[in-house]
Amino acid sequence: MSENTEQSQETIHNEVFSLEKTAADHEAIREAFGLNKPAEKRGMYEQDARKPGFRQFAVLFITLAVVGASIAAWFGFEYLLEKEEEARFIAEHDRKLAEEEARRNRIEYADIAFLDSMPPAVSIAMDDKPLYARSKDGSYTELRARESTWIQNLPIKEDTILIFSFAAEGFKPLSRTVAYYDWFPSNKPGKNPLEKAFKKIVLEPDVSPRITGCEQLPPILETSGCEWTVVREIAFRERYAEAVKSLVPTEDQQRASLKSIFSRNPLLAQAANGFDIATLDTGAPIIAPELPDATKSLLKTLTEHPYGLYGAITIETDMPDTRVFFMSEPLMVVKSSGNMAQVKVQPNEPYTFAVYGQGKPIEITQLLSLRLEANDVPNYVTEIAPHQWHCEVPDINTALQIPAPEIPPELNRPEYRHQLCTYSIKISVKFQEIKKIEEDAAKQREKAAKPQTKENAATE
């Protein structure tokens, strides 16, 4: 064989060996990467068929995670829906509460009328506070039920309950409650939207006997003293005063009656300056020349009318230096210096008087006038009628010692025992309340006079 032939065979052998090596390397690479396996088994590790593989765990974990996430998402969605619904419900509830609160707190104004009363002119109080009325001259007086008494501009809310109380001497107290649904629409142009009217306030008479142990009182014309009741005493005061006015008592009757008057009315005895009550037990003249003129005047009235009905007035005030005017004249008092000065009443220091002018006793059967003045507040005025006085009756033993007037037989009735009474009346004035009423009325007038614009209507 030639040298060229040997070289060719060696080259062919080397190429074949190289191809085989390349194929072997290729197969090794395929085996290393699993490329010699079927396509569906590529990427899988050889494992025991009896043991679960990692991929199964992975698939199970992923499945559970997806399901759990879905359930969590569902519950989360439901929770959000419930919270949103709850928020809407709370908001609606709060809105309704606010509307209800605003409705309950809405202020309306009402007028109420008391058109008549029995007895006449009973006093009116609201929520245990006295009420006042303004007269044309700007002064104030206590509110009473007359022919047509109105209380105007009462602020009313849905929960407002007003209690009106009525009082008169000789009658049992009465109260009336007015709630929101007791008012009626007024339907009157220019008037408040709500109103109510009481046609007549009727108080029940107090028929209890004036005297405890009245069965011991000697009867007049064989009538029982127990028939002298509270309401009868009120009803027959003026008739009694007329019956005894024409009586002409003897001197002994004068002395006995004067002693009884001074024992039951210490203020009258005090006003009789310079008079010695012991004089009544002697034969000395009752009215001595040396007595002061005021004392002489007082003794003259009391001796000429020993069976008259005399009383004392007590004044209470909440303002310092309250000046007193009685029967249109300043009420004067004699000071320790001997000088005269007008009476000035102080807070928490009630002042009581039974005499005015030059020794005039206060007769309860007259229509009396009283005016009180204080600084920086409106004046207070009032009238005192005969039926308004309070009768304080002594115990039965004292009553038996009080001499009875010799009334004509045709007028002798159980109710004519007024000589047993100690008459009094209390006038209590709250100037601070009157001042507040005046200030509120001024604000109302100012508000009514102010032109209504959108701006001030919004601020008010």
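Structure: see above.
Residues numbered from 1 in each chain as written. Predicted model: local features only at pLDDT ≥ 70, side-chain atom pairs only at ≥ 80, totals over all residues. Heavy atoms only, no water.

Visitor: Talk me through the overall build of the protein chain; I want residue IDs and the actual numbers.
Guide: Counting its secondary structure elements, the protein chain contains ten helices and 25 strands. Within the protein chain, buried positions represent 34% of all 460 residues. Taking the contacts inside the protein chain whose residues are at least 6 apart along the sequence as the reference set, 69% of them involve residues at least 24 apart. As displayed, the protein chain has an accessible area near 29,000 Å², and 55% of this comes from carbon and sulfur atoms. (Helix = DSSP H or I, 4+ residues; strand = E, 2+ residues; numbered from the N terminus. Buried < 20%, exposed > 50% of the residue type's maximum accessible area, 1.4 Å probe, protein only. Contact = heavy atoms within 4.5 Å. Areas by Shrake-Rupley, 256 points an atom, 1.4 Å probe, with all protein chains shown as cover.)

Visitor: Give a detailed account of the layout of surface pockets, specifying residues and quantitative values.
Guide: Space inside the largest pocket adds up to approximately 1,200 Å³. Around the largest pocket, the lining comprises 26 residues; the ones closest to its centre are Ile 151, Gln 152, Asn 153, Leu 154 and Ile 437. Listing elements by their share of the lining of the largest pocket, those giving two or more residues are strand 4 (129-130), strand 5 (132-134), strand 7 (149-156) and helix 9 (431-449). Here the element with the most residues in the lining of the largest pocket is helix 9; it accounts for eight residues. As a volume, the second largest pocket reaches approximately 810 Å³. The wall of the second largest pocket is formed by 25 residues, among which Ala 271, Met 332, Val 333, Val 334 and Val 355 lie closest to the centre. Of all the secondary-structure elements, those providing two or more residues to the lining of the second largest pocket are helix 6 (266-271), helix 7 (293-304), strand 15 (329-330), strand 16 (332-334), strand 19 (351-353) and strand 20 (355-356). Here the lining of the second largest pocket is built from residues that sort into 17 nonpolar, seven polar and one charged. (1 Å grid on protein atoms, 1.4 Å probe; cavity = no way out; pocket = protein on both sides within 12 Å on 5 of 7 lines; lining within 4 Å. Points joined across faces, edges and corners; volume = space filled by probe spheres on them. Nonpolar A, V, L, I, M, F, W, Y, C, P; charged D, E, K, R; others polar.)

Visitor: Describe the pattern of salt bridges, listing the residues and the values that go with them.
Guide: One pass over the full model with this rule turns up 16 salt bridges. Between Glu 142 and Arg 144 there is a salt bridge whose closest N-O contact spans 3.1 Å. Assigned by exposure class, Glu 142 and Arg 144 land together as buried. The salt bridge partner of Asp 281 is Lys 259, with a shortest N-O separation of 2.4 Å. One end of the pair, Asp 281, is in the loop between helix 6 and helix 7; the other, Lys 259, is in helix 5 (residues 251-264), with 22 residues separating them in the sequence. Taking relative accessible area as the criterion, Lys 259 reaches 36% and is therefore assigned partly exposed. A network of salt bridges, in which partner residues are shared, links Arg 210, Glu 233 and Arg 237. (Salt bridge = Lys/Arg side-chain N within 4 Å of Asp/Glu carboxyl O.)

Visitor: Can you break down the side chain of Ser 117 residue by residue, with the values?
Guide: When you line up the elements, Ser 117 lands in strand 2 (residues 117-118). A polar side-chain atom of Ser 117 sits 2.7 Å from the main-chain carbonyl oxygen of Pro 119. Of the polar contacts made by the side chain of Ser 117, one reaches the backbone oxygen of Ala 145; its length is 3.3 Å. Ignoring any residue separated from it by four or fewer positions in sequence, one finds Ser 117 in contact with Val 122, Ala 145, Lys 200 and Ile 201. (Polar contact = N/O pair within 3.5 Å; in protein donor to acceptor, adjacent residues only side chain to side chain.)

Visitor: I'd like a description of empty space enclosed by the protein, backed by residues and values.
Guide: Counted by the stated rule, this structure contains one cavity of 30 Å³ or more. Considered as a void within the structure, the largest cavity measures approximately 140 Å³ in volume. Together, 16 residues line the largest cavity, and Ile 261, Arg 264, Pro 306, Gly 308 and Gln 419 are the ones closest to its centre. With four residues, helix 5 is the largest single contributor of residues to the lining of the largest cavity.

Visitor: Describe the nonpolar core, with residues and values.
Guide: One recurring pattern in soluble globular proteins is that nonpolar side chains are buried together. With 48 residues, the main nonpolar core has Ile 211, Ile 313, Trp 389 and Phe 431 as its most contacted residues. Every element with two or more residues in this core is listed here: helix 4 (237-245), strand 13 (311-316), strand 14 (322-326), strand 22 (368-373), strand 23 (380-384), helix 8 (396-401), strand 25 (422-428) and helix 9. Discounting residues that sit within four places of it in the chain, Ile 313 has contacts with Phe 326, Tyr 351, Thr 352, Phe 353, Ile 362, Ile 384, Trp 389, Ile 425 and Ile 427. Counting residues in hydrophobic clusters, the runner-up holds 26 residues, among them Phe 114, Ile 151, Leu 154 and Phe 198. (Core = buried A, V, L, I, M, F, W, Y, C linked by side-chain atoms within 4.5 Å.)

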